[in-house]
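Okay, here's what each chain looks like letter by letter:
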Amino acid sequence: MTAVAERFTVHHALPPARWPTAEEAARAMLFSPGRIGRRVVTEARTWVPAMVPWRATDDGFVTPEVLGWYARFAEGQPAVLVVEATGIRDIQSGPLLRIGDDRFLPGLRRLVETVRDKSAGRTRLFIQVIDFLAVRRRPEPEKYFARFLEVDAALRRRLAAATADDRWRDAPEAEIRARLAAADRTLVEAVLDARQREALDYGYRERVWDTHLPHVRELPRILPGLFAEAGRRAREAGFDGVELHYAHAYTMASFLSRLNTRDDGYGGSREHRVRLPLEVLAAVRARVGPDYAVGIRYLGDDVIEGGSRVEDAVWFGVRFAGAGADYLSISKGGRFEDARQPKLGEAVYPYTGRSGYECMPTVISDARGPFGRNVPLAAAIRGAIRDAGHDTPVVTSGGIGTFDLAEGVLRRGEADFVGAARQSLADPDWFRKVRLGLGHLVRRCEYTNYCEGLDQRHKQVTCKLWDRVGLDAPGVPLASDGKRRLSAPGWPVP
Ligand SMILES: Cc1cc2nc3c(=O)[nH]c(=O)nc-3n(C[C@H](O)[C@H](O)[C@H](O)COP(=O)(O)O)c2cc1C
Ligand code: SF4
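Residues numbered from 1 in each chain as written. Chains lettered and ligands numbered in written order. Predicted model: local features only at pLDDT ≥ 70, side-chain atom pairs only at ≥ 80, totals over all residues. Heavy atoms only, no water.

1. Overview of the packing of aromatic side chains
Tallied over the full model, the rule gives 15 aromatic pairs. Ring plane angle 80° and centroid distance 5.7 Å describe the contact between Phe-371 and Tyr-447, whose orientation is recorded as edge-to-face. Placement of the pair is Phe-371 in the loop between β10 (364–365) and α17 (375–387) and Tyr-447 in the loop between α20 (430–435) and α21 (450–456), with a sequence separation of 76 residues. Take Phe-371 and Tyr-447: they sit in the same class, and that class is buried. Chaining the aromatic ring pairs together yields one cluster made of Tyr-246, Tyr-298, Trp-315, Phe-316 and Phe-320. Of note, Arg-167 hangs over the ring of Trp-168, and the distance from its end group to the ring centre comes to 4.6 Å. Note that Arg-275 overlies the ring of Tyr-266, its terminal NZ or CZ placed 4.0 Å from the centroid. (Phe/Tyr/Trp six-rings, centres within 6.5 Å; stacked < 30°, edge-to-face > 60°. Helix = DSSP H or I, 4+ residues; strand = E, 2+ residues; numbered from the N terminus. Buried < 20%, exposed > 50% of the residue type's maximum accessible area, 1.4 Å probe, protein only. Lys NZ or Arg CZ within 6 Å of the ring centre and 35° of its normal.)

2. A few points about the pattern of salt bridges
Under the counting rule described, the total for this entry stands at 50 salt bridges. Residues Asp-240 and Arg-116 are paired through a salt bridge, measuring 3.6 Å at the closest nitrogen-oxygen approach. Here Asp-240 is found in the loop between α11 (219–237) and β7 (241–246), whereas its partner Arg-116 is found in helix α4 (residues 105–118), with 124 residues between them in sequence. Residue classification places Asp-240 among the buried positions, given a relative accessible area of 16%. The partly exposed category is assigned to Arg-116, whose relative accessible area is 28%. (Salt bridge = Lys/Arg side-chain N within 4 Å of Asp/Glu carboxyl O.)

3. Remarks on unusual backbone geometry
Positive phi, normally seen in glycine, also occurs at Gln-77, with a value near 50°. With respect to the helices and strands, Gln-77 occurs in the loop between α3 (64–75) and β5 (80–87). What makes Gln-77 buried here is its relative accessible area of 6%. In the Ramachandran plot, His-248 falls in the positive-phi region, its phi being about 65° despite a non-glycine side chain.

4. Things to note about the sheet that holds β7
Read once around its circumference, the closed barrel built from 8 strands follows the order β4-β5-β6-β7-β8-β9-β11-β12, with strand pairing classed as parallel. Between one strand axis and the next, the sheet turns through 25° on average, direction left out of account. Of the pairings in the sheet, the one linking strand β9 (residues 327–331) to strand β11 (residues 394–396) comprises 3 bridges and is parallel in character. Across the sheet, residue Ile-330 finds its bridge partner in β11, namely Thr-396. Sheet strands in contact with α3 are β4 (46–48) and β5, and its direction is about 160° off that of β5. Along the sheet, helix α14 (residues 275–288) makes contact with β7 and β8 (293–299), crossing β7 at roughly 165°. (Pairing = 2+ DSSP bridges. Axes fitted to C-alpha atoms, helices over the stretch in contact; angles between N-to-C directions. Contact = heavy atoms within 4.5 Å.)

5. Thoughts on the pairing of β9
Of all 5 residues in β9, 5 are buried, a share of seventy percent or more. Covered by surrounding structure in β9 are Tyr-327, Ser-329 and Ser-331 together with Leu-328 and Ile-330, the residues of both alternating faces. Of the pairings in the sheet, the one linking β8 to β9 comprises 5 bridges and is parallel in character. Bridged to Arg-297 within β9 is Ser-329.

6. Some remarks on the site of ligand 1
Of all residues adjacent to ligand 1, which total 19 residues, the nearest are Ala-50, Gln-128, Gly-399, Ala-421 and Arg-422. Gln-128 has a polar side-chain atom sitting 2.8 Å from a nitrogen atom of ligand 1. Ala-421 is positioned with one of its backbone polar atoms (N or O) 2.8 Å from an oxygen atom of ligand 1. Computed on the free molecule, ligand 1 has an accessible area of 610 Å², of which 98% lies beneath the protein chains in the complex. Taken together, the residues that form the shell around ligand 1 break down as 10 nonpolar, 6 polar and 3 charged. (Near = heavy atom within 4 Å. Polar contact = N/O pair within 3.5 Å; in protein donor to acceptor, adjacent residues only side chain to side chain. Areas by Shrake-Rupley, 256 points an atom, 1.4 Å probe, with all protein chains shown as cover. Nonpolar A, V, L, I, M, F, W, Y, C, P; charged D, E, K, R; others polar.)

7. Remarks on helix α7 (residues 173–181)
For α7, every residue scored as buried is listed here: Ile-176, Arg-177 and Leu-180. Viewed along the axis of α7, the buried residues span an arc of 100°, placing them on a single side of the element. The elements touched by buried residues of α7 are α5 (141–148), α6 (153–163) and α8 (185–191). (Arc of directions from axis to C-beta.)

8. Side note on the site of ligand 2
Near ligand 2 you find 13 residues, and of these Arg-422, Cys-445, Asn-449, Cys-451 and Cys-463 are the closest. Counting residues per element, the ones that place at least two in the shell around ligand 2 are α19 (422–426) and α21. It is α19 that contributes the most residues to the shell around ligand 2, 3 residues altogether. Taken together, the residues of the shell around ligand 2 sort by class into 8 nonpolar, 2 polar and 3 charged.

9. Digging into the confidence of the model for the protein chain
Here the protein chain shows a mean pLDDT of 96. Residues at 70 or above account for 99%. Under a pLDDT of 50 for its full length, residues 1–5 has, in the predicted model, 11 contacts with residues more than four places off or in other chains. (pLDDT = per-residue confidence, 0-100.)

10. Considerations on the nonpolar core
Counting residues in each nonpolar core, the largest one holds 110 residues, and the members touching the most others are Leu-111, Phe-239, Leu-244, Tyr-246, Tyr-298 and Phe-320. With sequence-adjacent residues up to four places away left out, Leu-244 is seen in contact with Val-129, Phe-227, Val-280, Leu-281, Val-284, Val-294, Gly-295, Ile-296 and Arg-297. Membership of the second largest hydrophobic core comes to 18 residues, among which are Tyr-144, Leu-155, Val-191 and Leu-200. (Core = buried A, V, L, I, M, F, W, Y, C linked by side-chain atoms within 4.5 Å.)

11. Comments concerning the environment of Gly-437
Note on placement: Gly-437 falls in the loop between α20 and α21. Along the backbone, Gly-437 and Ala-25 are 412 residues apart, and their C-alpha atoms lie at a distance of 6.8 Å. The contacts of Gly-437, once residues within four sequence positions are left out, are Pro-20, Thr-21 and Ala-22.

Structure below.
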């Protein structure tokens, strides 16, 4: 588990930005209309991908702060705005938005109305829907040995062998727990298996291939219905479409991963790994109907040892397009497997290792640098989809924050839409400024991930470029720490 900072030492300056005149922008592909699925027409190719801002209630409801967050993006009138990862289950999951029950509909409707209103109807709004498995905090070792460790025959055998003392094979459980709690690291390593060591050092984490757990074994029976209902609610709330979250560290990405060794027909070969994602897509489609936009966000590369690579992603992309996905949004990495060890009492965060770096690359990088770093994945997937005869649009993102980079991607046919998450957080008006020929006014993202650091601590996400500006202006909503404003200062459009 190597931290990125140990590997990457090249400091990249922001690429020089040449901004187009309003006339040039009017002719640009970036500002030409697009189409998604049968019904969604977009007025440009500009896209704000999902970002979790930690503004929902602890019960997953839309708050005034959630509305404020999306209102501010909507004022910049991106062609497409994707609402953050929103949980499909009706379970407690902290301040993450939820869509797992009809009681969430009124708040979600208000969110849709807010974006329509603030964007003057120019922004198409999708919602990303997610499932995830249990991830527990890293425990105090005493607590782990006293309560969480499972003492079974295998563990007893290993303890007996490591201490050359057969008494441990049938010693009272409490004695075994006490012995291990007092043991040095060498003995702990000899006695705990890999998953137990991980639970001790990182916190317990479920895998989709833990089929000995009944609720994990049942995922293929349960998830299509849950995603389908989430899709139905997205449509009823008035969203223009739903985005199935098949990326990063979560359930569906893990089904797609080469690491998935389930032996029940849902793991192993590519055909089996893509089976549940296709079944979920089919269930959602059946529930929302042929006209409703259903997109998929998934990984062009897992960026972990033994994980899926671009060849898998290309193969999956052709299957998704063939099965009627209305767009494919390509991300990269963001996995738990290579994440840094969390502090005691904290949960492992999937954006701290190399795969996390690739998901949200910063200016401290390798020679390639962060800018447009993930475009080749989207280009490879798009090429294969087109060769297979599908016109499914492909969205790319990752370090794109200038007009030339965005326009170049489109002109070279590497993607059909250009996503900018952090640049849009830094300046929610940036696409609009560029369209108006006012690119010189863009507040440029520095790609140093202050925002991601807040996300990691589950603190309300803001941007360092504006969160201390004008704090005492009347009516400025502040973060719960009282020190930061929650959204970018307004821009009086000239
Ligand atoms: C604070 C924050 C929260 C994010 N939350 C999500 C999310 O909910 N779902 C998702 O698919 N990606 C999420 N991402 C990843 C972004 O959508 C995007 O893929 C990534 O930041 C790279 O694009 P960029 O270089 O334009 O920022 C998040 C990124 C940030 C910075
Ligand atoms: S905090 Fe930093 S990386 Fe995040 S949006 Fe602002 S400038 Fe960009």
